[in-house]
Amino acid sequence: MPGLLRGVARTAVVAGTATAVSNRVSRRQAGRWAQQDHEEQQPAAPPPPATRSVADDMTVKMDQLKQLADLKAQGVLTEEEFAEQKRRILG
């Protein structure tokens, strides 16, 4: 009977070790797959932060166009000069 008990104990130890190793490998592989999925979902480099918002930029352009229109109305700018400056602002 001691031989049978020793054999059963050895089998239990081998099976327990195999199960523990298998679980560890499975968890490690799942972690690697999750990391790869996370890296694929992330953009390569985040866009640089904007210093001004689009609304602020449009407000500045509108103000510049109004000033140009006032200068044209006063006769300071010709039609060609006005068109050129407007093209640069809206560029």
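As the structure is a computational prediction, the values presented were derived from the model and not from experiment.

Procedures and definitions
- Residues numbered from 1 in each chain as written.
- Predicted model: local features only at pLDDT ≥ 70, side-chain atom pairs only at ≥ 80, totals over all residues.
- Heavy atoms only, no water.
- Phe/Tyr/Trp six-rings, centres within 6.5 Å; stacked < 30°, edge-to-face > 60°.
- Lys NZ or Arg CZ within 6 Å of the ring centre and 35° of its normal.
- pLDDT = per-residue confidence, 0-100.
- Helix = DSSP H or I, 4+ residues; strand = E, 2+ residues; numbered from the N terminus.
- Salt bridge = Lys/Arg side-chain N within 4 Å of Asp/Glu carboxyl O.
- Buried < 20%, exposed > 50% of the residue type's maximum accessible area, 1.4 Å probe, protein only.
- Patch = residues over 30% accessible without salt bridge, like charges linked within 9 Å, V, L, I, M, F, W, Y side chains within 5 Å.
- Areas by Shrake-Rupley, 256 points an atom, 1.4 Å probe, with all protein chains shown as cover.
- Lys, Arg positive; Asp, Glu negative; His and termini not counted.
- Charge placed at Lys NZ, Arg CZ, Asp CG, Glu CD.
- Axes fitted to C-alpha atoms, helices over the stretch in contact; angles between N-to-C directions.
- Parallel < 35°, antiparallel > 145°, perpendicular 65-115°, else oblique.
- Contact = heavy atoms within 4.5 Å.

A closer look at the packing of aromatic side chains
Scanning the entire structure with this criterion turns up 0 aromatic pairs. Above the face of the Phe82 ring, Lys72 is positioned so that its terminal group lies 5.0 Å from the ring centre.

Comments concerning the confidence of the model for the chain
Caution is warranted with low-pLDDT regions, since their predicted coordinates should not be read in detail. In the predicted model, the chain carries a mean pLDDT of 81, and the fraction of residues at 70 or more is 86%. The lowest-confidence element of the chain is helix H1 (residues 2–41), averaging 80 in pLDDT; the highest-confidence one is helix H3 (residues 79–90), averaging 90.

Description of the pattern of salt bridges
For the structure shown, the criterion picks out 4 salt bridges. Where Lys72 meets Glu79, a salt bridge forms, and the shortest distance between an N and an O atom there is 2.7 Å. Overall, Lys72 belongs to the partly exposed group, its relative accessible area being 31%. Residue Arg87 pairs with Glu84 through a salt bridge whose shortest N-O separation is 2.6 Å. Of the two residues, Arg87 and Glu84 are both situated in helix H3; the distance of 3 residues between them amounts to about one turn of the helix. Residue class for Arg87 comes out exposed when judged on its relative accessible area of 53%. The partly exposed category is assigned to Glu84, whose relative accessible area is 28%.

Digging into a positive patch on the surface
On the surface, Arg24, Arg27, Arg28 and Arg32 cluster together to form a positively charged patch. Relative to the assigned elements, Arg32 resides in helix H1.

Examining the packing of helix H2 (residues 54–73) against H3
The N-to-C vectors of H2 and H3 enclose an angle of 175°; their axes lie 10 Å apart at closest approach. Considering the angle they form, H2 stands roughly antiparallel to H3. On the side of H2, the interface is formed by Lys61, Gln64, Leu65, Leu68, Ala69 and Lys72, while H3 contributes Glu79, Phe82, Gln85, Lys86, Ile89 and Leu90.

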